[in-house]
Amino acid sequence: MTVETKTKETRIKVSVNLDGTGKNQVSTGTKFLDHMISAFSTHSLFDVELTADGDLQHHIVEDTALALGKCISDALGDRNGIRRFGSAFVPMDEALAFASIDLVKRRYFVETNIEIKRNSIEDLPREDATHFFSSLCDSIQCTMHLRIEYGSNDHHKIEACFKALALALRLAVERDPRRGSIPSSKGSM
């Protein structure tokens, strides 16, 4: 699946293969974000090719999350036969993060204890880190809960969040061999 967006502020092109092996090539102009999306790809086993550029870093970060989420959502189609739910804990040295996801097509984002001490994590402003997750949640159309259990290193805390989210999504998008329909008692997502 490929999504291209072009606005007065940004130009984004992203391709995602949900049945991949974690291959990735990412270029957003923000080294830490490139590192996080690459880690996300590696641990979700989604193949991701992504290029982004634009006027302001905040716009690029937000629009990258929106395009990546839309690409994932489009690749899921009607979400027929998937597991739908996924959760994971990920340790990153002294930090521990938890992510839980429901691919229900209802957007609800909850973040708990994602406190960044410094003004930036490497070259990513702290407010853009959590804004990325919220924008991704919006465009995937899912319920997403992220929590940092504990940690002292801002880099490790955010990296643990990206990896926990990757593992939770990996579980949620998997085909359920026992389900041949929409994974909802309503019959629709």
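Note that the structure is predicted; figures quoted are calculated from it, not measured.

Participant: Would you explain the overall build of the protein chain in this entry?
Facilitator: Check the secondary structure of the protein chain and you find four helices and ten strands. Listing the helices and strands of the protein chain from first to last along the sequence gives β-β-β-α-β-α-β-β-β-β-β-α-β-α. Against the compact-globule benchmark of 16 Å for 189 residues, the protein chain has a radius of gyration of 16 Å, which places it among compact chains. Every one of the 189 residues in the protein chain was classed for burial, and the buried ones make up 52%. For the protein chain, the proportion of contacts with a sequence separation of at least 24, taken over those separated by at least 6, is 78%. Carbon and sulfur atoms form 47% of the exposed surface of the protein chain, whose accessible area is close to 8900 Å². Charge centroids of the protein chain, computed over 24 positive and 27 negative side chains, lie 6 Å from each other.

Participant: How should the pairing of strand β2 (residues 10–17) be read in this particular structure?
Facilitator: Remark: a regular strand shows side chains that alternate across the two faces of the sheet. Only one face of β2 is covered, namely the face carrying T10, I12, V14 and V16; the face carrying R11, K13, S15 and N17 is uncovered. Note: strand β1 (residues 2–6) against β2, five bridges, orientation antiparallel. In the strand pairing of β2, V3 is matched with V14. Counted between consecutive antiparallel strands, the loop separating β1 from β2 contains three residues. Strand direction decides the pairing type here: β2 and strand β4 (residues 47–54), joined by eight bridges, are antiparallel. Across the sheet, residue V14 finds its bridge partner in β4, namely L50.

Participant: Help me understand the environment of T143, please; the structure alone is not making it clear to me.
Facilitator: By the secondary structure assignment, T143 is in strand β10 (residues 143–150). Assessed through its relative accessible area of 17%, T143 is described here as buried. Along the sequence, T143 and G86 sit 57 residues apart, while their C-alpha atoms lie 11 Å from each other. Leave out the neighbours within four places in its chain, and T143 touches S100, I101, D102, V104, R106 and Y108. Within polar-contact distance, the side chain of T143 engages the backbone oxygen of R106 at 3.2 Å.

Participant: Just checking my understanding: could you explain the environment of T5 for this structure?
Facilitator: Take T5: it is sitting in strand β1. For T5, the contacting residues outside a window of four places in its chain are T10, R11, I12 and A67.

Participant: Quick question: what am I supposed to make of the state of the cysteines here?
Facilitator: As used in these notes, a disulfide is a covalent bond between sulfur atoms, one from each of two cysteines. What the rule picks out here adds up to zero disulfides. Here C71 is not cross-linked by a disulfide; its sulfur's nearest cysteine counterpart is in C142, at 15 Å. Take C71: its relative accessible area is 0%, and that puts it in the buried class. Free of any disulfide, C161 has its nearest cysteine sulfur in C137, 14 Å distant.

Participant: It is not clear to me how the packing of helix α3 (residues 126–140) against helix α4 (residues 154–173) should be interpreted in this structure. Could you clarify?
Facilitator: Running from N to C, α3 and α4 point in directions that differ by 15°, and their axes come no closer than 11 Å. Here α3 is positioned roughly parallel relative to α4, judged by the angle of their axes. For the pair α3 and α4, the crossing hand works out as right-handed. Contacts between α3 and α4 pair A129, F132, F133, L136 and I140 from the former with I158, C161, F162, L165 and L169 from the latter. Classifying every residue of the contact of α3 with α4 by side-chain character gives ten nonpolar, no polar and no charged.

Participant: Just to check I follow, could you spell out the packing of helix α1 (residues 31–44) against α4 for this structure?
Facilitator: Pairs of packed helices are described in terms of their axes, by the angle between the two and the distance that separates them. Remark: α1 packs on α4, axes separated minimally by 8 Å, with the N-to-C direction vectors making an angle of 35°. Every pair of crossing elements has a handedness; the one defined by α1 and α4 is right-handed. In contact with F32, L33, H35, M36, A39, F40, H43 and S44 of α1, α4 contributes H155, I158, E159, F162, K163, L165, A166, L167, L169 and R170. Residues of the contact of α1 with α4, tallied by class, amount to eleven nonpolar, four polar and three charged.

Conventions we followed
- Residues numbered from 1 in each chain as written.
- Predicted model: local features only at pLDDT ≥ 70, side-chain atom pairs only at ≥ 80, totals over all residues.
- Heavy atoms only, no water.
- Helix = DSSP H or I, 4+ residues; strand = E, 2+ residues; numbered from the N terminus.
- Rg over C-alpha atoms; globule rule 2.2 N^0.38 Å.
- Buried < 20%, exposed > 50% of the residue type's maximum accessible area, 1.4 Å probe, protein only.
- Contact = heavy atoms within 4.5 Å.
- Areas by Shrake-Rupley, 256 points an atom, 1.4 Å probe, with all protein chains shown as cover.
- Lys, Arg positive; Asp, Glu negative; His and termini not counted.
- Charge placed at Lys NZ, Arg CZ, Asp CG, Glu CD.
- Pairing = 2+ DSSP bridges.
- Polar contact = N/O pair within 3.5 Å; in protein donor to acceptor, adjacent residues only side chain to side chain.
- Disulfide = S-S within 2.5 Å.
- Axes fitted to C-alpha atoms, helices over the stretch in contact; angles between N-to-C directions.
- Parallel < 35°, antiparallel > 145°, perpendicular 65-115°, else oblique.
- Left-handed = near helix turned anticlockwise from the far one by under 90°.
- Nonpolar A, V, L, I, M, F, W, Y, C, P; charged D, E, K, R; others polar.

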